[in-house]
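Given next are the chains, with one letter for each unit.
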Amino acid sequence: MSEALPDLGGVPLGLERADIAFAVNGAAVSVNVPPLRRLSQVLRDELQLTGTKVGCDAGDCGACTVLVDGDPVCACLVPAASAAGASVTTVEGLADGRLSALQASFLAHGAAQCGICTPALLVAATALLDKKASPTEIEVQDALGGILCRCTGYRKIIAAVMDASLQPASLDFRLPQSGHAIGSSPIRLDGVPKVTGAEKFGGDAFPADALAVLVVRSPHYHASFAFGDLDSWAKAHPGIVGVFTAADIPGKNCFGVISPFADQPALADGLARLRGEAVALVAGEREAMLDLDLSDFPVRWSELPHFLQPGEAQAEGAASIHEHRPANLLTKGFVERGDPEAALASAAVTVSGAIDTSYVEHAYIEPEAGHAYMDGDTLVVVACTQAPYMDRDETAKVLGLAVDKVRIVPTATGGGFGSKLDVSLQPLIGLVALKTGRPAALAYTRNESMISTTKRHPAEMKATIGADADGHVTGMIFSGDFNTGAYASWGPTVANRVPVHASGPYATPNYRAEGRAVHTHGPISGAFRGFGVPQATIMQETLYDELAGKLGIDRLDFRLKNCLRNGSETVTGQRLESGVGIAECLESLRPHWARAMADADAFNSANPDKKRGIGVASCWYGCGNTSLPNPSTIRVGISPSGDVILHQGAVDIGQGSNTVIAQICADALGLPLDKFRLKGADTAISPDAGKTSASRQTFVTGKAAEKAGRALREKILRFANVSEKATMQLDGVAIVIREGEATRRIDLASLEVDGGGFVFRAEETYDPPTLPLDAKGQGKPYAVYGYGAQIAELEVDLKLGTVKLIKITAAHDVGKAINPLLVEGQIEGGIAQGIGMALMEEYIPGRTENLHDYLIPTIGDVPPIETILVEVPDPEGPFGAKGLGEHVLIPTAPAILNAIRHATGVLVTKVPATPTRIRAGIREQDGIREQEARR
């Protein structure tokens, strides 16, 4: 018989407060909170120990891991009462005044990228190292297996933990001297706060007096709705300050990343077009909002027919999601060259196929979070983002403000991968702050982040490729429908980028490709590391394997025979004069290919129930916007105190732009990196460096930084009346300039200071030279392309359909590796996401809306990765560098699918290749063989 609940005088169980005493990081603390409040909330909100992160509140991501009496636990699952009398250790307590050996090892190995999962990993690894100073890789994987990382690919984390005992805490982190920044791997300039827990992400610095904001969202894919008595409902719930709907929006209730296609309301007005769409905001005092139940919110829903697949949306008689877009077609992209039908008709060999891919969730560990407040008549929004200037413009439009009356201050961003390009909460918290005059704060739950933000476009693709008897590709036709969901987002970019890239990095003289972005009532599809190219590459690269097989040509040789080279023309008619590195990438894989194939043959002859497969795939990717202006601006100057101030507006979401851009500027200027002080992206003080996407920052912003550094150097040398051969160094508050035997000393304190605080300054803009595409998609869409190729080695259990990855070898042409360690980190992180896309990640609306049901790779899912850095300089890039971030994911999934087919004879045509789909393919193949045997 259960015990009767205590009489709490009308206070709901769990909301009554109690004094709870425990120790945190060696200090005694006492808090007065409800006993059932999550320990993670207590640490963050009551004790301001925000190094403990919140990624899911369900124990799925592990970001909130702390030590309780020495054992790692998810603080989101521990009620405060359970901590009474215990000793709790957070990331802030791992070091006393200086970095621990483990923290130093993380920095030395580049194991912290965006940094959102880093505190949890450090805490869990500390517990492991306390028990075993020199753990094995398996022991590290076991200890950290419950903590998800979306950026690093885990390999550098494993190495950092295993090497921590070898890493002195006083590790020398001195930065390279003048002229030696490019090609070196100094620790991230923003690295130390990531490993100490001091880094502030979107949800880490809410003002104490901020109103908490909750979002009312549609539970239906398509529905009309009407509100009841909002005022009476609000009055019935103490602590609520206001309820806001579309009627309260003072500006244009429509936003979008591409202005001509903008179509999404900040708050839906009477009609919801997707599940999770925001329809109202509730703002109130923090304590009142913590336990507010929105189930009685006065809104009446009338569910309407919906469709989730492009075929349904384009069927005859299907209702239009947007009246001005017939047949629910958002837009289409098109590239045509030569006569592909004739080429295919005369080809010695042709292959055709169809492949479908799924929604893929970005699954960054930091859900969207931020706060807004009024600074006089200026609205200030402090939030995680990839595109502060785009956020400013869209927020101003929605709220009816002049753009100079909106300021966006990006926080550290805990992963983005494309989804944090679109505005999410910025206009929502801005509206509350504008209407109430109070600061307003909002952190999405994991569920609302997943249901309301953008995904990778699902694709339904078909293609045919032909080759002559010598194995040269003669023609290709490609078509793809990309499910862009209820609103446009980056659908036009995907539709236009895919036809340019669907040929792969191969000479294809006769070609036609069409990409269509189709509206459904599904989740909004947007930017995700590759803008549709990873999907198209799966189609093309799997057909290349089939072509090679029909021709009897080795699969690697077939790719080398057809790859682009200097002087080649692309499918858009662009002549690539120099900097084409795909052949070098493929050639560098030759010894690895031969070894892997031999290993597979030996394994397969000895194992009847498991088969090893080897796959290869290539990629190319145009850096920056497609045939559109794409400028970045960088400002750099010398302060009277002798610091180099770099206004670096390229948001660092983990990829390392804070460090790489500074390295480029340092060598262009001719001063050492340790003299640089960064001013991060802030629309009030830093010029627009453009959005962090499309692998553009190292190339475009890096080029602007190179130009700015050179311009500043020229101004200083001209002031000193010396030639460009002179050298400079900063000596306290003076610049010492030497040329030959002559030395000149410039006293900075004696010079006039401008309005920005500089005695010398330069500001330069770079916009890549591109040309528009004509009606047939001919032109120069990109100034620079990056290239890569990967080999996947794996084993398939023929009875279970499970895949075990053995190794991935990745060769990528980066032009010039500005920071080789960061380059490796990008490659490993991109490969991990490619593994997820290939084998496990499938976002299903209504079913996989959390990190328990939606699977991403864990530390045990990523095999050893061997990175080969290929450097074929491009004359347009800074110091020859090319972009990288997008490229590295593109070949991984097709290489894995090709390896599965090599092992089993089965090509999985619905991605991801789950065990169920692999087994179905094997059974179907076995059935065909049985039928043939009976004949």
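Preceding this section is the structure that the text describes.
Below or above, wherever it landed, is the structure these notes cover. Note that the structure is predicted; figures quoted are calculated from it, not measured.

## Some remarks on the overall build of the protein
Part 1: Tallying secondary structure elements over the protein gives 23 helices and 33 strands in all.
Part 2: In terms of overall dimensions, the protein is globule-like: its C-alpha atoms have a radius of gyration of 28 Å, near the 30 Å expected for 935 residues.
Part 3: With respect to the three principal axes, the spread of C-alpha positions in the protein is 90 × 85 × 60 Å.
Part 4: Expressed as a percentage of its 935 residues, the buried residues of the protein come to 62%.
Part 5: The long-range share in the protein, meaning contacts at least 24 apart out of those at least 6 apart in sequence, stands at 77%.
Part 6: Where the 84 positive side-chain charges of the protein centre and where its 108 negative ones centre are 4 Å apart.

## Comments concerning helix 5 (residues 155–162)
Part 1: For helix 5, the buried fraction is high: six of the eight residues fall into the buried class.
Part 2: Where helix 5 is concerned, the buried positions are Arg-155, Lys-156, Ile-157, Ile-158, Ala-160 and Val-161.
Part 3: Structurally, helix 5 contributes buried residues whose contacts are with helix 2 (101–109), helix 3 (118–131), helix 4 (137–144), helix 21 (820–839) and strand 33 (865–870).

## Considering unusual backbone geometry
Part 1: Looking along the chain, the bond that leaves Val-911 and enters Pro-912 is cis, with omega of 15 degrees.
Part 2: By secondary structure assignment, the location of Pro-912 is in the loop between helix 22 (892–904) and helix 23 (915–934).
Part 3: Its identity as a non-glycine residue notwithstanding, Ser-489 has a phi of 45 degrees, on the positive side.

## Notes on the pairing of strand 3 (residues 65–68)
Part 1: In strand 3, alternate side chains face the same way, and those of Thr-65 and Leu-67 on one face and Val-66 and Val-68 on the other are all buried.
Part 2: As judged from the four bridges shared by strand 3 and strand 4 (residues 71–74), these two strands associate in the antiparallel manner. Across the sheet, the residue bridging to Val-66 is Val-73, located in strand 4.
Part 3: Joining the antiparallel neighbours strand 3 and strand 4 is a turn of two residues, in which Asp-69 adopts a positive phi near 50 degrees.
Part 4: Relative to strand 5 (residues 87–89), strand 3 runs antiparallel, the two sharing two bridges. The partner of Leu-67 across the bridge, within strand 5, is Thr-89.

## Considering the side chain of His-521
Part 1: Mapped onto the elements, His-521 comes out in the loop between strand 22 (510–519) and helix 15 (533–551).
Part 2: Note on His-521: relative accessible area 2%, which makes it buried.
Part 3: Within the structure, His-521 has its side chain in polar contact with the side chain of His-222 (distance 3.4 Å).

## Notes on the nonpolar core
Part 1: The biggest cluster of nonpolar side chains holds 159 residues, and the ones touching the most others in it are Phe-106, Leu-144, Val-161, Phe-478 and Ile-896.
Part 2: In terms of nonpolar packing, the next biggest core, distinct from the first, is built from 45 residues, Leu-671, Val-700, Ile-746 and Val-759 among them.

## Quick notes on the packing of aromatic side chains
Each aromatic ring pair is characterised by the separation of its centres together with the angle its planes make.
Part 1: Overall, the coordinates contain 13 aromatic pairs when judged by the stated rule.
Part 2: Look at Phe-227 and Phe-297: their rings are 6.2 Å apart centre to centre, the planes differ by 90 degrees, and that puts the pair in the edge-to-face class. Of the two residues, Phe-227 is situated in strand 7 (residues 223–227) and Phe-297 in the loop between helix 8 (286–290) and strand 11 (299–303); the sequence distance between them amounts to 70 residues.
Part 3: Given a relative accessible area of 24%, Phe-227 falls into the partly exposed group.
Part 4: Residue class for Phe-297 comes out buried when judged on its relative accessible area of 5%.
Part 5: Centre to centre, the rings of Tyr-506 and Tyr-544 are 4.5 Å apart; their planes meet at 35 degrees, and the pair counts as tilted. Taken as a pair, Tyr-506 in the loop between helix 14 (491–501) and strand 22 and Tyr-544 in helix 15 lie far apart in primary sequence, 38 residues in all. Both residues of the pair, Tyr-506 and Tyr-544, count as buried.
Part 6: Here the aromatic cluster, defined as three or more aromatic residues joined through ring pairs, consists of Phe-225, Phe-227, Trp-233, Phe-297 and Trp-301.
Part 7: Above the plane of the ring of Tyr-364 lies Lys-420, whose end atom (NZ or CZ) is 4.2 Å from the centre.

## Some remarks on the pattern of salt bridges
Part 1: A complete count under the given rule lists 54 salt bridges for this structure.
Part 2: Among the salt bridges present, the one from Asp-682 reaches Arg-407, with a minimum N-O distance of 2.6 Å. With Asp-682 in the loop between strand 26 (676–679) and helix 20 (697–720) and Arg-407 in strand 17 (residues 406–410), this residue pair connects regions lying 275 residues apart in the sequence.

## Focus on the sheet that holds strand 2 (residues 27–33)
Part 1: The strand order across the open sheet formed by five strands is 2-1-5-3-4, and the pairing between neighbours is mixed. Whereas interior strands pair on both sides, the edge strands pair on one side only; in this sheet they are strand 2 and strand 4. On average, each strand axis in the sheet is tilted by 40 degrees relative to the strand beside it, whichever way the strands run.
Part 2: Here strand 1 (residues 18–24) runs beside strand 5; their pairing, made up of two bridges, is parallel. Paired with Ala-23 across the strands is Ser-87, a residue of strand 5.
Part 3: Each of strand 1, strand 2, strand 3 and strand 5 is contacted by helix 1 (residues 39–46), which is oriented at about 105 degrees to strand 2, the strand it contacts most.
Part 4: Relative to the sheet, helix 3 contacts strand 3, strand 4 and strand 5, its axis offset from that of strand 3 by approximately 40 degrees.

## Examining the sheet that holds strand 32 (residues 803–813)
Part 1: Read from one edge of the open sheet, four strands run 23-31-32-33, paired in mixed fashion. Lying at the two open borders of the sheet, with one neighbouring strand each, are strand 23 (610–622) and strand 33. In this sheet, neighbouring strand axes are inclined to one another by 15 degrees on average, regardless of whether the strands run parallel or antiparallel.

## Some details on helix 11 (residues 388–399)
Part 1: With 12 residues, helix 11 ought to run about 16 Å at 1.5 Å a step, and its terminal C-alpha atoms sit 16 Å apart, in line with that.
Part 2: The buried count for helix 11 comes to nine of 12 residues, which makes it a mostly enclosed element.
Part 3: Within the span of helix 11, buried status applies to Pro-388, Tyr-389, Asp-391, Arg-392, Glu-394, Thr-395, Ala-396, Val-398 and Leu-399.
Part 4: Where helix 11 is buried, its residues contact strand 16 (378–383), strand 17 and helix 12 (426–436).
Part 5: Positive backbone phi, at 65 degrees, marks Gly-400, one or two positions downstream of helix 11.

## Topic: empty space enclosed by the protein
Part 1: A complete count under the given rule lists seven cavities of 30 Å³ or more for this structure.
Part 2: Here the largest cavity is characterised by a volume of approximately 540 Å³.
Part 3: For the lining of the largest cavity, the secondary-structure elements that each account for two or more residues are helix 19 (657–669), helix 20 and helix 21.
Part 4: It is helix 21 that contributes the most residues to the lining of the largest cavity, three residues altogether.
Part 5: Here the lining of the largest cavity is built from residues that sort into 12 nonpolar, 16 polar and five charged.
Part 6: The space that makes up the second largest cavity amounts to roughly 290 Å³.

## Some thoughts on the pairing of strand 18 (residues 440–443)
A regular strand places its side chains on the two faces of the sheet in alternate fashion.
Part 1: Sheet topology note: the strand 6 (residues 211–217)/strand 18 ladder contains two bridges and is parallel. Within strand 18, the residue paired with Leu-211 across the bridge is Ala-440.
Part 2: Strand direction decides the pairing type here: strand 15 (residues 369–375) and strand 18, joined by four bridges, are antiparallel. The partner of Gly-370 across the bridge, within strand 18, is Leu-442.

## As for the layout of surface pockets
Part 1: Estimated volume of the second largest pocket: approximately 940 Å³.
Part 2: Along the walls of the second largest pocket sit 39 residues, with Ile-258, Trp-490, Asn-625, Leu-628 and Lys-691 positioned nearest its centre.
Part 3: At the level of elements, strand 12 (329–337), helix 11 and helix 14 are the ones that each hand at least two residues to the lining of the second largest pocket.
Part 4: Here the lining of the second largest pocket is composed, by residue class, of 18 nonpolar, 13 polar and eight charged.

## Brief notes about the side chain of Glu-277
Part 1: In this fold, Glu-277 is placed in the loop between strand 9 (271–272) and strand 10 (278–284).
Part 2: No salt bridge is formed by the buried Glu-277; its nearest oppositely charged neighbour, Arg-273, is found at 5.5 Å.

## With respect to the packing of helix 2 against helix 5
Part 1: Their axes nearest at 8 Å, the elements helix 2 and helix 5 cross at an angle of 140 degrees. On the basis of their axis angle, the class for helix 2 and helix 5 is oblique. Helix 5 is crossed by helix 2, and the crossing has right-handed handedness. Residue-level inspection shows Leu-102, Ser-105, Phe-106 and His-109 of helix 2 in contact with helix 5, the latter providing Lys-156, Ile-157, Ala-159, Ala-160 and Val-161.

About the thresholds
Residues numbered from 1 in each chain as written. Predicted model: local features only at pLDDT ≥ 70, side-chain atom pairs only at ≥ 80, totals over all residues. Heavy atoms only, no water. Helix = DSSP H or I, 4+ residues; strand = E, 2+ residues; numbered from the N terminus. Rg over C-alpha atoms; globule rule 2.2 N^0.38 Å. Buried < 20%, exposed > 50% of the residue type's maximum accessible area, 1.4 Å probe, protein only. Contact = heavy atoms within 4.5 Å. Lys, Arg positive; Asp, Glu negative; His and termini not counted. Charge placed at Lys NZ, Arg CZ, Asp CG, Glu CD. Pairing = 2+ DSSP bridges. Polar contact = N/O pair within 3.5 Å; in protein donor to acceptor, adjacent residues only side chain to side chain. Core = buried A, V, L, I, M, F, W, Y, C linked by side-chain atoms within 4.5 Å. Phe/Tyr/Trp six-rings, centres within 6.5 Å; stacked < 30°, edge-to-face > 60°. Lys NZ or Arg CZ within 6 Å of the ring centre and 35° of its normal. Salt bridge = Lys/Arg side-chain N within 4 Å of Asp/Glu carboxyl O. Axes fitted to C-alpha atoms, helices over the stretch in contact; angles between N-to-C directions. Expected span 1.5 Å × (residues − 1). 1 Å grid on protein atoms, 1.4 Å probe; cavity = no way out; pocket = protein on both sides within 12 Å on 5 of 7 lines; lining within 4 Å. Points joined across faces, edges and corners; volume = space filled by probe spheres on them. Nonpolar A, V, L, I, M, F, W, Y, C, P; charged D, E, K, R; others polar. Parallel < 35°, antiparallel > 145°, perpendicular 65-115°, else oblique. Left-handed = near helix turned anticlockwise from the far one by under 90°.

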